[in-house]
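Overview (structure and organization)
Listed below are the residues making up each chain.
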Amino acid sequence: AGMLTQEFGHPPLVRHYQDEYRSMRAGIAIGPQLRGPARIQVEPLQPATDDWPFLYMKHPHIPELYAWVIGLILLAALGAMASTGASLRNRLPQNLPFFLMGAAFLLLETKSVIQFYLLFGANWQVNALVFFAILTLVLLANQMVQRMRQTPPTLFFLPLLLLLLAQYVLPLEALLGFSSGTLRYLVASVLLLAPIFFANLAFGSLFKGSPMAATAFGWNIVGTMVGGAIEYTSIALGYRNLTLVILAIYLLSFVLARGAGQSCSGTEPAP
C-alpha cells in the first residue's frame, strides 16, 4: 500500500477479510479514480525497489534461518577443502584464485539474470534470451582461450573490473529510457553480460595454464557452493552493493593469481 501511494500520489483501496480457513487476507486496488481514505494506516516499511526487489521482507536483513543454512554450507565447503590432504593444501596460493572465481562467477550470473528479469519481465522468452546470450559468451570465450598465447592477466581482469564498476555506478532504471526493446536488450547484454565474457576469458586462461587441472576445477566447484551461499546476502545488501562484493572477489583473485605466478600464458605446463 505504501509503494502504491508513492507511485500514484494517493492511497489505495484496501479490504481485509478472512478465507474459509479463517486466515487473514487483503485485497488492494488503485487507479486514477480509485482511491482509499485520505489517511491510511500503513506500517512504515522499506519499499521494494529494483535494487531490493523483495516484497515479502519488512526490511533488509538476513533471517536467522538463512544465516544458519549459509553457515552450514560455508562450513561444509571449508571442511571439504580441509579434508583434501596436506599436499593439496600446500598449493593453496595456486588454487585459491580458482575458488574465488567460482564464487564470484555464480554471484555474477545470478545477479545478471535477476536484473534482466527486472528490465524485461520473468517469462520463458526472457529466460531463453538471457541464457542464450550467456552460453554464447561462454562458448566464444572458450574458443578464444584455445587460440590465445602469451596473454597477460591484466588484459582480462581490467575490463572485467571496469565493467563491474560501471554496473555499480549506472542505475539500472536508466536502461528503461530505450523505447526499443531490441536496443534495450543489446545495451543490457553489454552492460550486464559482458563481465561474464571477460570472467570466462580470465578463468579459461588460468585454467589452461594450471599444472593440476582436476584439482583447480574442484576448487572452482567448491567456490560456486560458497558463491551460492553469499548470494543470499543480497536480501540485506541489495543487488547494487552485491556488485561491489563481486568486484572485490575478482580483484582479490587477480592479485592472488599474480602473486602465485600464474601468468595466463596459455601454454601447456611442462611434464
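Residues numbered from 1 in each chain as written. Predicted model: local features only at pLDDT ≥ 70, side-chain atom pairs only at ≥ 80, totals over all residues. Heavy atoms only, no water.

Another point: the packing of helix H4 (residues 92-120) against helix H7 (residues 181-208). Here H4 crosses H7 at 170°, and the two axes come no closer than 11 Å. As judged from the angle between their axes, H4 and H7 are roughly antiparallel. Split into classes, the residues belonging to the contact of H4 with H7 amount to 18 nonpolar, 5 polar and 2 charged. (Axes fitted to C-alpha atoms, helices over the stretch in contact; angles between N-to-C directions. Helix = DSSP H or I, 4+ residues; strand = E, 2+ residues; numbered from the N terminus. Parallel < 35°, antiparallel > 145°, perpendicular 65-115°, else oblique. Nonpolar A, V, L, I, M, F, W, Y, C, P; charged D, E, K, R; others polar.)

On to the environment of Thr182, then. Mapped onto the fold, Thr182 is located in helix H7. Sequence separation of Thr182 and Ile70 is 112 residues, and the distance between their C-alpha atoms is 38 Å.

The subject of this paragraph is the side chain of Glu231. Following the sequence through the fold, Glu231 ends up in the loop between helix H8 (213-230) and helix H9 (234-237). No salt bridge is formed by the buried Glu231; the nearest opposite charge belongs to Lys111, separated by 10 Å. Sequence-distant contacts of Glu231, that is, excluding residues within four places in its chain, are made with Leu107, Thr110, Ile114 and Tyr239. (Buried < 20%, exposed > 50% of the residue type's maximum accessible area, 1.4 Å probe, protein only. Lys, Arg positive; Asp, Glu negative; His and termini not counted. Salt bridge = Lys/Arg side-chain N within 4 Å of Asp/Glu carboxyl O. Contact = heavy atoms within 4.5 Å.)

Before going further, it helps to examine the nonpolar core. Ranked by internal contacts, the top residues of the largest apolar core, which has 58 residues, are Phe157 and Tyr250. For this core, the secondary-structure elements that each account for two or more residues are helix H2 (64-82), H4, helix H5 (124-147), helix H6 (154-169), H7, H8 and helix H10 (239-259). No other element matches the 14 residues that H7 contributes to this core. If sequence neighbours within four positions are ignored, Tyr250 has contacts with Met101, Ala104, Phe105, Leu108, Phe157, Leu160, Leu161, Leu164 and Ala199. (Core = buried A, V, L, I, M, F, W, Y, C linked by side-chain atoms within 4.5 Å.)

Along an α-helix, residues three or four positions apart point the same way, because every turn accommodates 3.6 residues. Compared with an ideal rise of 1.5 Å per residue, which puts 24 residues at 34 Å, H5 spans 35 Å between its outermost C-alpha atoms and is within 8% of the ideal. Taken together, the buried positions of H5 are occupied by Val126, Val130, Ala133, Ile134, Leu137, Ala141 and Val145. Measuring from the side-chain oxygen of the N-cap residue of H5 to the backbone nitrogen of Gln125 gives 3.1 Å; that N-cap residue is Asn123. (Expected span 1.5 Å × (residues − 1). Polar contact = N/O pair within 3.5 Å; in protein donor to acceptor, adjacent residues only side chain to side chain.)

Here the focus is H4. Under the 1.5 Å per step criterion, the end-to-end length of H4 is 42 Å for 29 residues, consistent within 8% with the ideal 42 Å. Looking one or two residues past H4, Gly121 carries a phi angle of roughly 95°, positive in sign.

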